[in-house]
Structures are given as C-alpha cells and as structure tokens.
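Listed here are the chains, written in short residue letters.
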Amino acid sequence: MPPSKPTIGILTGGGDCPGLNAVIRAAVKSALKLGYDCVGFLKGYEGLVDPVAYMPLDLTNTANILLQGGTILGSTNKGRFSALVGEGARVQIDPTLLAAAGETVRQLGISGLICIGGDGSLAIAQQLHEHGIPVVGVPKTIDNDLGCTAFTFGFDSAVACATDALDRLHTTAASHERIMVLEVMGRHAGWIALHAGIAGGGDVILIPEIPWTFEHVCQKVLDRECEGKRFTLIVVAEGARLPDGGLVHDGGGTGKDDVGAGATERRQVRLGGIGEIVANEVAKRLGREVRALVLGHLQRGGTPTAFDRVLATQFGAHSVRLVHEGRFGQMVCYRPPDIASVAIAQAITTPAAIDPGHAAVQAARALGIGFGDGVDSSPFA
Ligand code: F6P
C-alpha cells in the first residue's frame, strides 16, 4: 500500500552505546510534529534487505526511552553490511545489497533515512548515499573517534562509567598499596582513557596516540613511591600499542594490524588484553603486587548521562531538520555551541585522534600524570 504520509526511516548500526534511544525519541517526536510518519529498521542495515524488518515508530513506543541504554531497534557490527576493515580501510558493499536497500526505501516511500552509527556504519551510509538513497548521518560512538564533531554521544557516559571504576579502584589500591591497571575501550583513539584518567585521578595514562615504554611506566611508579605514594592507578586504552608496536587482541595474541584474516572475510580483530600484559610486566619488573581489570562492555551499557541525553536529543532533532530541508549525505555534528552538519564523506575520512599537544594532555602532564613516554615535567615550566 502506498504511504499516506511522507515517511522517515531510522536505523542504528554498529556497536550500541548510551543515547541511541534518546536520538530515536528526539527524531520521532520532531518528525511527527512536521507531519512525517516514522519507521525504524531492525538490526541496523540488515533490516533494509531480505528479510526486510521494520517497525512503525510513534509517540507510544518511543515514550520513556530517553534514559534507556542500548537501542530499541537492535544493532549489529557484523554481517552483510560491513564497510570497515581497519582504520581508514573500507570495503565496497555488495551492489546487489545496495540495490535491495534502495528498493526497500522506494517501496516504503521513505523520504529520508537517518543512519545513526560510528565510522563503520557511516561509511555504509555514505555508500547508500552514493547509490542515490536519501540518507542523513548521526555520529555515535563511545570512543569519540569520529572527525568533524567535538563530541559523539555515548562518550560522556562511557567516561562516567570508567571514572566510577577508577574511583572504586582508588580506595582498594590505596588500602592494599597496590598498582591497579584499568583497561578501557578506545580502538583508535584514547579519549576515554584520557578523560577518565584525569577525572578519576589516574597516575599513568596509556593511549594509542602517545608511544610509551615499560621503563617509563615503572619509573613513574618508583617516582610516586619516592613521594610516599604507595599505590598507582594506570589507565590503558585497549588500542594502545605495545612498545614493539603490537596491538593486543583475541585471547592475548598481538599483531601490528587491527584487521584479522577470517576464512571468508577480513574483519576487525577484537581488541583486549593489554591491561593484563601491562600488569604482568610491571609486576615482574618491580616485584610489586599488580591487579588488572578490563572494564569492557560495561562502558557501552546503562543509562546515558545528562550531557549525552542533551547531545543525542539535539542530534535527533537536527537530523530530521536535515531530511526536511533535503540536505542528504550530511552528518549532524556538534560545533560548540552549535549543532551543525558536515558531509558524511568528510567525517569518515577525518578520524579524531588525540593530538599529543592537546590541552587535556598538557594539563595532565602539568599535574604529574605520566603517559609512559618519560615526558613528565610540566609543559608550562
Ligand atoms: O567502537 C566502539 C567499541 O566499543 C570499541 O572500543 C571496541 O573495540 C569495539 O566497539 C568492540 O565491539 P564489539 O565487542 O561489540 O564487537
């Protein structure tokens, strides 16, 4: 049956994060006010193709989801729509899938498709756009590694989670005079480690952007002991490379590349395990008690912070505005104090790594927080 009203489609792709539902709610509420109907495609881009799976979205089924973690539409970072195989390296989606997605959009009379996702999901959105599908992007990731936006939603909630973990580790580390290593997410960028490390009173922060050595990490521990501090908190991003350049992934293996060769497809390796390696090496070198904790997917779950709810709400409303104004191929972005937009193509080719001279890094160094690179003196001196 042909649609009775112009319709906006919404989907969530890639790994989930707090605030996805807040975007969906904001988009639906503002779209309905402009006279659109809304549908949500299920399990990311998969819902667009055989078997097509979607649900109508209205004021009833989007009520009370502002504070709900995850996504009511479901999501996946695997499957037929995988456009990302490592930082900056992209693969072409099967043209028959793009054609099928286009056919679904046409048949449902979708005037605009709002794709909420990180770099991988937005790389898919860009391919849909190039295929003539009217898409608009919304940047999501706890890692905050997407370019052209000051923040992605989900990041603040992940930082709050990691900071809470550090607060808890602080008291037990101090009580037992131990070194505690907290491994946080952050595949290509160390934003979570940097912000949580500062907010949670970390002593050493290891991130992908700043090469580090075990000698300098251990020296920091010894320096603290000379100051009478008998415990140390080390925060390490999962994507921080070992001193030899290796990434730690899938069950403790290491490799230079974050792409593994699967039987049928190249895939991103599952990072994790660097915290344990750092803990073991520091324990071996210093003969101290060290414990490691992987915070993992706790950072992706739970209720979004107030900041993320506000950002997600602004992104959701602005994405509808972009559809309404026919500004397709654009991604909403945060340029404080404004919500603006930028070409998706530009956003996905501009990763947001931490500049080692970033103000937050400088402030951390000024306080004596180490980055494992031996540059421990105040940059202001
Ligand atoms: O991109 C966000 C992220 O949380 C990364 O930090 C992490 O490497 C990845 O997703 C893990 O994804 P999953 O375990 O869902 O495959």
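Everything numeric here is computed off the predicted structure, so don't read it as measured data.

Caption draft 1: Highlighting the site of the ligand. By nearness alone, every residue bordering the ligand is listed as Asn77, Lys78, Ile142, Asp143, Met185, Gly186, Arg187, Glu238, His297 and Arg300. The contact in question runs from an oxygen atom of the ligand to an N or O atom on the side chain of asparagine 77, over 3.2 Å. Across the complex, the protein chains shield 77% of the 400 Å² of accessible surface that the ligand would expose by itself. Counted by class, the shell around the ligand contains two nonpolar, three polar and five charged residues. Two domains each donate at least three residues to the shell around the ligand, and these are domain 1 (7-153 + 304-348) and domain 2 (156-300 + 355-366).

Caption draft 2: Molecular detail of helix H8 (residues 306-324). Taking 1.5 Å per residue, 19 residues should reach 27 Å; H8 reaches 27 Å between its end C-alpha atoms and fits that length. Among the residues making up H8, those that are buried are Asp308, Leu311, Ala312, Phe315, Gly316, His318, Ser319, Val320, Leu322 and Val323. Count one or two residues on from H8 and you reach glycine 326, which has phi positive near 70°.

Caption draft 3: Inspection of the domain arrangement of the protein at higher detail. Domain annotation for the protein reports domain 1 (7-153 + 304-348) and domain 2 (156-300 + 355-366). Centre-to-centre separation of domain 1 and domain 2, based on C-alpha positions: 31 Å. If you look at the interface, domain 1 gives 18 residues, while domain 2 gives 18 residues. Between domain 1 and domain 2, roughly 1500 Å² of surface is buried when both sides are summed, and carbon and sulfur atoms account for 54% of that area. Taken together, the connections running from domain 1 to domain 2 amount to one salt bridge. In this structure, arginine 300 engages aspartate 16 in a salt bridge whose closest nitrogen and oxygen atoms are separated by 3.0 Å. On inspection of domain 1 and its partner domain 2, the count reaches seven residue pairs in polar contact (both at pLDDT 80 or more). Considered class by class, the residues forming the side of domain 1 that touches domain 2 number eight nonpolar, four polar and six charged.

Caption draft 4: Looking closely at helix H5 (residues 191-199). Looking only at H5, the buried set comprises Trp191, Ile192, Ala193, Leu194, Ala196 and Gly197. A positive phi of about 70° marks glycine 201, the residue just after H5.

Caption draft 5: Just the nonpolar core, in detail. Ile8, Ile10, Ile114, Ile116 and Phe153 are the most contacted members of the largest nonpolar core, which has 63 residues in total. Considering every element that reaches this core, the biggest residue donor is helix H4 (residues 155-176), with eight residues. Residue contributions to this core reach at least three from each of two domains, namely domain 1 (7-153 + 304-348) and domain 2 (156-300 + 355-366). When neighbours within four sequence positions are excluded, isoleucine 116 is seen to be in contact with Ile10, Leu11, Thr12, Gly13, Leu20, Val23, Ile24, Val138, Lys140 and Phe153. Membership of the second largest hydrophobic core comes to 30 residues, among which are Leu48, Ala101, Val105 and Ala125.

Caption draft 6: A look at the sheet that holds strand E5 (residues 135-139). The seven strands are arranged E3-E2-E1-E4-E5-E14-E15 in an open sheet whose pairing can be described as mixed. Strands at the two margins of the open sheet, each flanked by one partner only, are strand E3 (54-57) and strand E15 (338-343). Ignoring which end each strand starts from, the neighbouring axes of this sheet average 30° apart. Of the strands in this sheet, strand E4 (110-117), E5 and strand E14 (330-335) are in contact with helix H3 (residues 119-130), which crosses E5 at around 170°.

Definitions and cut-offs
Residues numbered from 1 in each chain as written. Predicted model: local features only at pLDDT ≥ 70, side-chain atom pairs only at ≥ 80, totals over all residues. Heavy atoms only, no water. Near = heavy atom within 4 Å. Polar contact = N/O pair within 3.5 Å; in protein donor to acceptor, adjacent residues only side chain to side chain. Areas by Shrake-Rupley, 256 points an atom, 1.4 Å probe, with all protein chains shown as cover. Nonpolar A, V, L, I, M, F, W, Y, C, P; charged D, E, K, R; others polar. Domains from an automatic or database assignment. Helix = DSSP H or I, 4+ residues; strand = E, 2+ residues; numbered from the N terminus. Expected span 1.5 Å × (residues − 1). Buried < 20%, exposed > 50% of the residue type's maximum accessible area, 1.4 Å probe, protein only. Contact = heavy atoms within 4.5 Å. Buried area = accessible area lost by both parts, 1.4 Å probe. Salt bridge = Lys/Arg side-chain N within 4 Å of Asp/Glu carboxyl O. Core = buried A, V, L, I, M, F, W, Y, C linked by side-chain atoms within 4.5 Å. Pairing = 2+ DSSP bridges. Axes fitted to C-alpha atoms, helices over the stretch in contact; angles between N-to-C directions.

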